[in-house]
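Structure at a glance
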Amino acid sequence: MKGKFKVYVAGPLCNEEERRAVEKIDLICKEMGLDTFLPHRDAGLWKEGKGFGEIAKKDIAGFKNCKLVVANLNGFNVGAGTAWEMGYAHAKGIPVIGIKTDRKIEESIEEISAIILGATKIVTSIDELKKEIKKLI
C-alpha cells in the first residue's frame, strides 16, 4: 500500500445511536490500519455551536486524499448529508461502499434512491465490508 489509505466515514449523525454506528465503521477501518475522517469527530456538530459554513468547509476538506467513502445506509432513509457525501465522492471518482445491515435491500428500495442502488456497492455485513475494503487497498 503506497502511503496511508484514508477512508471518509459517512452516515446520519442526528442522535447518539447514529453516531455510534459510524464510530463502529470508523473503528473497523482503523483496525484494518486505515486513516479515517469522521465528520462529527473531525468537523464537529452544529449542535455544539459550530456554524454550518464552518462544518461544511471542514467536511469537504475531509475528502482530501480519501481513497474510499464508507456510508452507513441503515435507517428508514438515507440522510441528506450522507447522500450529498456519496454524490460528492462519486463526482470526485472516489469509490463508495454503502453498508446496510438493518433490513434487506429488497425491503428498502423505497428508502434508498435508484441512483444510489445503481451506482454504489452495497454490503449487508461487517465481514462483507472488510472484504470490499481489502479489494481496494
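Below or above, wherever it landed, is the structure these notes cover. (Residues numbered from 1 in each chain as written. Predicted model: local features only at pLDDT ≥ 70, side-chain atom pairs only at ≥ 80, totals over all residues. Heavy atoms only, no water.)

**Some remarks on the packing of aromatic side chains**
Per the stated rule, a full pass over the model turns up four aromatic pairs. Taking 4.9 Å as the distance between ring centres and 15° as the angle between the ring planes, the aromatic pair formed by Trp84 and Tyr88 counts as stacked. Note that Trp84 and Tyr88 are positioned in helix α4 (residues 80-92) at a spacing of four residues, about one turn of the helix. Look at Trp84 and you get partly exposed, because its relative accessible area is 44%. Site record: aromatic cluster; members linked through ring pairs are Tyr8, Phe37, Phe63, Trp84 and Tyr88. (Phe/Tyr/Trp six-rings, centres within 6.5 Å; stacked < 30°, edge-to-face > 60°. Helix = DSSP H or I, 4+ residues; strand = E, 2+ residues; numbered from the N terminus. Buried < 20%, exposed > 50% of the residue type's maximum accessible area, 1.4 Å probe, protein only.)

**What to know about α4**
With 13 residues, α4 extends 18 Å from end C-alpha to end C-alpha; this agrees with the ideal 18 Å at 1.5 Å per step. Along α4, the residues classified as buried are Thr82, Glu85, Met86 and Ala89. For α4, the angular spread of the buried residues around the axis is 100°, confining them to a single face. Of the exposed residues in α4, the ones pointing more than 90 degrees away from its buried face are Ala80 and Ala91. Tucked into the core, α4 has its buried residues touching β1 (6-10), α2 (39-42), β3 (66-72), β4 (96-99) and α5 (114-119). Trailing α4 by a residue or two, Gly93 shows a phi angle of about 80°, which is positive. (Expected span 1.5 Å × (residues − 1). Arc of directions from axis to C-beta. Contact = heavy atoms within 4.5 Å.)

Everything listed here is a matter of coordinates, which is why it stays silent on function.
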